[in-house]
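Commentary on secondary and tertiary structure
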Amino acid sequence: MNCKDAQTLLAAYADGELGLPHATDLESHLAGCAACRGELAGVTELRARVRAQATYHALPSGLAARVRAALPREQITATPPRVARRFRGWPQIGAAFAMSFALAWSIGLYLALPGPAERLQEELVASHTRALMTGHAVDVLSSDRHTVKPWFNGRLDFSPAVFDLGAQGYALTGGRLDYLERRPVAALVYQHKAHPINLFVWPAKSGDDAPKSASRLGYNLLHWTRGGLAYWAVSDLNAGELAQFRDMLLQAAD
């Protein structure tokens, strides 16, 4: 597969619409092509931003009932209508079918829209991959938490907790500002062997019921809240190692 072929498939791949043979070929190409990986990161970011910031409108209550009420009803007669009259109803039947199809299509489109949790997960993965592709993973490069934590002062309206887990194999490499949930957030960057981890932090919302774990586009995500802050860890680490990272952070905070 060459770059031209790969780029025609990126949008479908980001939407999870490729069949297994095409997806396998594309992933093999992406593994050796930095340019196409960058294109995929751009597609993923654009998709996440559109879904996060576009205006969605819910179907008005009672719409389906009003459409059904507006559909023409058959006139039941005691004697069969003449053949010539039978064809007079076809335009109305066609219109009714078209209206039913439009209603079904609208409802299907509405139900297919991603929920807030899915849109946030897409934003997180897009931010993670963008940082890797652009080489701008950190704004402040340091393994010293006493350097990284003060750097956020004045840049955020909250103070993220920062811990160095280098002795446990999860080394702090720095931090940066990012933008998620329509607000600036802290992104703390860790490294475990060859695997970078982005830990996104921002004030938690009341009643935060986001899924605690997820997997999207080959990345694992973990979510938890503590001390009024929401945490999302994103990495290509396997789920077990990412959970170990979370547990170590929780222990360090105790």
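Scroll up to find the structure this text is about.
None of these values were measured; they are calculated from a predicted model.

Counting secondary structure elements, the protein chain contains nine helices and seven strands. Within the span of the protein chain, comprising 254 residues, buried residues form 35% of the whole. Put simply, 59% of the contacts in the protein chain that link residues at least 6 apart link residues at least 24 apart. In the structure as shown, the protein chain presents an accessible area of about 14,800 Å², 57% of it carried by carbon and sulfur atoms.

Grouped together as the largest cluster of nonpolar side chains are 42 residues, with contacts concentrated most on Leu 124, Leu 199, Phe 200, Trp 202 and Phe 245. Secondary structure elements with two or more residues in this core: α7 (116-134), α8 (145-151), β2 (171-180), β3 (183-192), β4 (195-203), β6 (219-226), β7 (229-235) and α9 (239-253). Ranked by the residues each element gives to this core, the list is headed by β7, at six residues. Setting aside residues up to four positions removed in sequence, Leu 124 forms contacts with Leu 180, Phe 200, Trp 202, Leu 221, Trp 232 and Val 234. In terms of nonpolar packing, the next biggest core, distinct from the first, is built from 11 residues, Leu 9, Tyr 13, Leu 30 and Cys 33 among them.

Bringing the packing of aromatic side chains into the picture now. Given two aromatic rings, one states the distance between the centres and the angle between the planes to describe the pair. One pass over the structure, following the stated rule, counts four aromatic pairs. Ring geometry for Tyr 190 and Phe 245: centres 5.0 Å apart, planes at 65°, overall edge-to-face. On the criterion of sequence distance, the pair formed by Tyr 190 in strand β3 and Phe 245 in helix α9 is long-range, its members being 55 residues apart. Accessibility expressed as a relative area gives 0% for Phe 245, which makes it buried. Centroid distance Trp 224 to Tyr 231: 5.4 Å. Interplanar angle 5°. Geometry classified as stacked. Put simply, the rings of Tyr 170, Tyr 190 and Phe 245 pair up and form one aromatic cluster. Above the plane of the ring of Trp 151 lies Arg 155, whose end atom (NZ or CZ) is 4.1 Å from the centre.

What follows concerns the side chain of Arg 176. Tracing the sequence through the fold places Arg 176 in strand β2. In this structure the side chain of Arg 176 is engaged in a polar contact, spanning 2.7 Å, whose partner is the side chain of Asn 198.

Let us now look at the pattern of salt bridges. Counted under the stated rule, the structure contains five salt bridges. Arg 183 serves as the salt-bridge partner of Asp 157, at 2.6 Å between the closest nitrogen and oxygen. In this pair, Asp 157 sits in the loop between α8 and β2 while Arg 183 sits in strand β3, placing the two residues 26 residues apart along the sequence. One continuous salt-bridge network, built from bridges that share partners, spans Arg 130, Arg 176 and Asp 178.

Two elements in contact, helix α1 (residues 3-14) and helix α2 (residues 20-32), have axes whose closest approach is 10 Å; the angle formed by their N-to-C orientations is 120°. When the interaxial angle is binned, α1 and α2 end up oblique. Between α1 and α2 lies a crossing of left-handed hand. Note on element contacts: α2 touches α1 through His 22, Ala 23, Leu 26, Glu 27, His 29 and Leu 30, opposite Cys 3, Ala 6, Leu 9, Leu 10 and Tyr 13. Of the residues in the contact of α1 with α2, the class split is eight nonpolar, two polar and one charged.

About the criteria used
- Residues numbered from 1 in each chain as written.
- Predicted model: local features only at pLDDT ≥ 70, side-chain atom pairs only at ≥ 80, totals over all residues.
- Heavy atoms only, no water.
- Helix = DSSP H or I, 4+ residues; strand = E, 2+ residues; numbered from the N terminus.
- Buried < 20%, exposed > 50% of the residue type's maximum accessible area, 1.4 Å probe, protein only.
- Contact = heavy atoms within 4.5 Å.
- Areas by Shrake-Rupley, 256 points an atom, 1.4 Å probe, with all protein chains shown as cover.
- Core = buried A, V, L, I, M, F, W, Y, C linked by side-chain atoms within 4.5 Å.
- Phe/Tyr/Trp six-rings, centres within 6.5 Å; stacked < 30°, edge-to-face > 60°.
- Lys NZ or Arg CZ within 6 Å of the ring centre and 35° of its normal.
- Polar contact = N/O pair within 3.5 Å; in protein donor to acceptor, adjacent residues only side chain to side chain.
- Salt bridge = Lys/Arg side-chain N within 4 Å of Asp/Glu carboxyl O.
- Axes fitted to C-alpha atoms, helices over the stretch in contact; angles between N-to-C directions.
- Parallel < 35°, antiparallel > 145°, perpendicular 65-115°, else oblique.
- Left-handed = near helix turned anticlockwise from the far one by under 90°.
- Nonpolar A, V, L, I, M, F, W, Y, C, P; charged D, E, K, R; others polar.

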